[in-house]
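Chain and residue survey
Listed below, chain by chain, are the residues.
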Amino acid sequence: MKVRLRDFVETEIGYFAVNTYEHPKDRVFAFLRYLNLDAVDDDIITKYNLNRNDIRRQMNGNKYIKITDTTKTYNILKDYFPEYLFYDETKDIVLHAVPRECITNILSPNDRLKEILNEQNNEFEKKCKDLADELHAYGLNYKYMGVSGSTVIKLNNEGSDIDFVIYGMKNHKKARGVLKTIFNKKKDNIHPLSNDFWKKAYNKRIKDGTLSYDEFVWHEKRKYNRGVINNTMFDLLATRDWNEINSKYGDYSYKNLGFIKIECDIINDDYIFDNPAIYKINNVKIINLKEKYKLKLKPEDIKEIVSFTHTYAGQAFNGERVIARGKLEGVSSPYGDYKRIVVGTSREAFNEYIKLI
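Residues numbered from 1 in each chain as written. Predicted model: local features only at pLDDT ≥ 70, side-chain atom pairs only at ≥ 80, totals over all residues. Heavy atoms only, no water.

Another aspect to go through is the packing of helix H3 (residues 109-118) against helix H4 (residues 123-137). It is the contact of H3 with H4, at a shortest axis distance of 9 Å, that shows an interaxial angle of 100 degrees. The orientation of H3 with respect to H4, classified from their angle, is roughly perpendicular. Side by side, H3 and H4 meet where Arg112, Leu113, Ile116 and Leu117 of the first sit next to Glu125, Cys128, Lys129, Ala132 and Asp133 of the second. (Axes fitted to C-alpha atoms, helices over the stretch in contact; angles between N-to-C directions. Helix = DSSP H or I, 4+ residues; strand = E, 2+ residues; numbered from the N terminus. Parallel < 35°, antiparallel > 145°, perpendicular 65-115°, else oblique. Contact = heavy atoms within 4.5 Å.)

This part takes up the packing of aromatic side chains. Here the structure, examined in full by the defined rule, presents 13 aromatic pairs. With centroids separated by 5.3 Å and ring planes inclined at 10 degrees, the aromatic side chains of Phe16 and Tyr84 adopt a geometry described as stacked. With a gap of 68 residues between them, Phe16 in strand S2 (residues 14-18) and Tyr84 in the loop between helix H2 (70-80) and strand S6 (85-88) connect regions that are remote in the sequence. By relative accessible area, Phe16 is classed as buried at 0%. Judged by relative accessible area, which is 3%, Tyr84 ranks as buried. For the ring pair Phe81 and Tyr84, a centre distance of 6.3 Å and an interplane angle of 90 degrees mean the geometry is edge-to-face. Under the relative-accessibility criterion, Phe81 is labelled buried at 9%. Through a chain of ring-to-ring contacts, three or more aromatic side chains come together here, namely Phe16, Tyr48, Tyr80, Phe81 and Tyr84. For the cation-ring pair, Lys2 lies above Trp242, with the distance from its terminal atom to the ring centre recorded as 4.2 Å. (Phe/Tyr/Trp six-rings, centres within 6.5 Å; stacked < 30°, edge-to-face > 60°. Buried < 20%, exposed > 50% of the residue type's maximum accessible area, 1.4 Å probe, protein only. Lys NZ or Arg CZ within 6 Å of the ring centre and 35° of its normal.)

It is worth spelling out the sheet that holds strand S10 (residues 162-167) at this point. Strand pairing in a sheet takes place through backbone hydrogen bonds and is either antiparallel or parallel in direction. Across the sheet, which stays open at both edges, the five strands sit in the order S9-S10-S13-S12-S11 with mixed pairing between neighbours. The open sheet is flanked by strand S9 (145-148) and strand S11 (190-191), the only strands paired with a single partner. Packing against the sheet, H4 makes contact with S9, S10, S11, strand S12 (226-229) and strand S13 (232-239), and its axis sits at approximately 30 degrees to S10. (Pairing = 2+ DSSP bridges.)

A few words on helix H7 (residues 213-221). Of the positions making up H7, those classed as buried are Phe216, Val217, His219 and Glu220. On an axial view of H7, the arc spanned by its buried residues comes to 165 degrees, and they lie on one face. Looking at the buried residues of H7, the elements they touch are helix H6 (195-205), S12 and strand S19 (353-356). (Arc of directions from axis to C-beta.)

On to the pattern of salt bridges, then. Taken as a whole and judged by the stated rule, the model has 24 salt bridges. Where Asp251 meets Lys248, a salt bridge forms, and the shortest distance between an N and an O atom there is 3.3 Å. Its relative accessible area of 13% is what places Asp251 among the buried residues. What you see here is one network of salt bridges that share partners, running through Arg112, Glu115, Glu125 and Lys154. (Salt bridge = Lys/Arg side-chain N within 4 Å of Asp/Glu carboxyl O.)

Quick look at the environment of Gly227 now. Positionally, Gly227 belongs in strand S12. Under the relative-accessibility criterion, Gly227 is labelled buried at 0%. In sequence terms Gly227 and Phe183 are 44 residues apart; their C-alpha atoms lie 8.8 Å from each other. Beyond its immediate chain neighbours, meaning those up to four positions away, Gly227 contacts Phe183, His191, Leu193, Thr232, Met233 and Phe234.

Here the focus is the side chain of Glu244. The topology assignment puts Glu244 in the loop between S13 and strand S14 (253-271). Within the buried core, Glu244 has no salt-bridge partner, and the shortest N-O distance to an opposite charge, that of Arg240, equals 6.1 Å. Within the structure, the side chain of Glu244 is placed 2.8 Å from the backbone nitrogen of Asp241, a separation counted as a polar contact. Ignoring sequence-local partners within four residues, the contact set of Glu244 consists of Gly168, Met169 and Tyr271. (Lys, Arg positive; Asp, Glu negative; His and termini not counted. Polar contact = N/O pair within 3.5 Å; in protein donor to acceptor, adjacent residues only side chain to side chain.)

Below, the structure is given as structure tokens:
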């Protein structure tokens with residue numbers, strides 16, 4: 001049962017988005033995204049204040065509701081399906097984890113794109129094909145592409161974005177370069193986001209004002225991982241190729257050491273669009289940390305920043321200096337012990353950020 005980031009797994013209670021590369025033997029770490037309404041009580045929408053306007057229906061008649069709120073999703077699993085929650089001792093946290101015996105199907109973004117390339121059933125699927133064809137025309141092989149999100153599980157609607165997957169970090173960098181070239185050519189069908197699209201993206205991503213709208217857009221425009229094709233927004237999402245996945249569950253363990261704020265330089269940006277996005281850092285200056293940890297922490301012990309939220313992927317590049325706030329963790333591994341800073345302890349990343357100085 002081979003899965004990786006951006007895959008979805010199907011169970012009787014809904015669809016879960018796989019959110020890592022490393023899994024225990026008996027479970028798959030994946031976050032509940034679409035709840036099967038036939039598997040729960042009729043009053044669940046009211047009870048958890050879910051968005052009644054975001055109910056999706058499949059061809060077979062099954063109804064699903066999309067859930068993006070971290071707290072609501074956790075509470076639903078805790079109250080109805082506690083077997084899908086798992087205390088991960090390596091991270092000292094309770095996570096969504098699907099028991100392998102509950103998985104009825106694995107949905108691959110690459111397989112879904114192959115279906116779409118072969119046959120398009122609506123305008124949305126034609127846009128997916130057009131985007132793939134455009135990237136292919138610039139030398140990117142179809143085998144390194146896929147479509148994830150609602151598209152891979154066939155629950156996309158008129159308001160859906162295209163979660164376009166690129167496999168392999170070098171291929172993702174190449175795809176972003178292609179997109180920059182396309183933007184500069186000012187093609188009619190593919191272009192940068194308008195102000196209306198940027199506002200939609202900002203409202204979706206920033207829930208606490210940690211980044212102002214202008215800060216958000218300034219950082220995003222440098223990434224060249226987002227655009228619009230025929231009035232539909234798309235993201236170019238990075239996923240490791242199979243030969244880039246070289247660690248296994250249990251190799252690393254993490255200990256929460258409180259919240260910290262630092263300044264630092266970025267020295268390696270190879271995996272800044274992965275999940276988690278990984279920034280190797282040095283020249284660290286500690287700005288704020290709880291007193292009980294200060295005496296034990298040396299700035300040079302902090303080796304990296306990781307982001308588990310898409311908002312802060314690709315936020316800064318080699319040679320740039322950033323200010324970051326997140327959870328300080330102690331890391332133990334076969335390769336040595338060090339400290340890291342985690343941005344995105346929840347999907348919303350409240351009061352956690354990476355900003356260029």
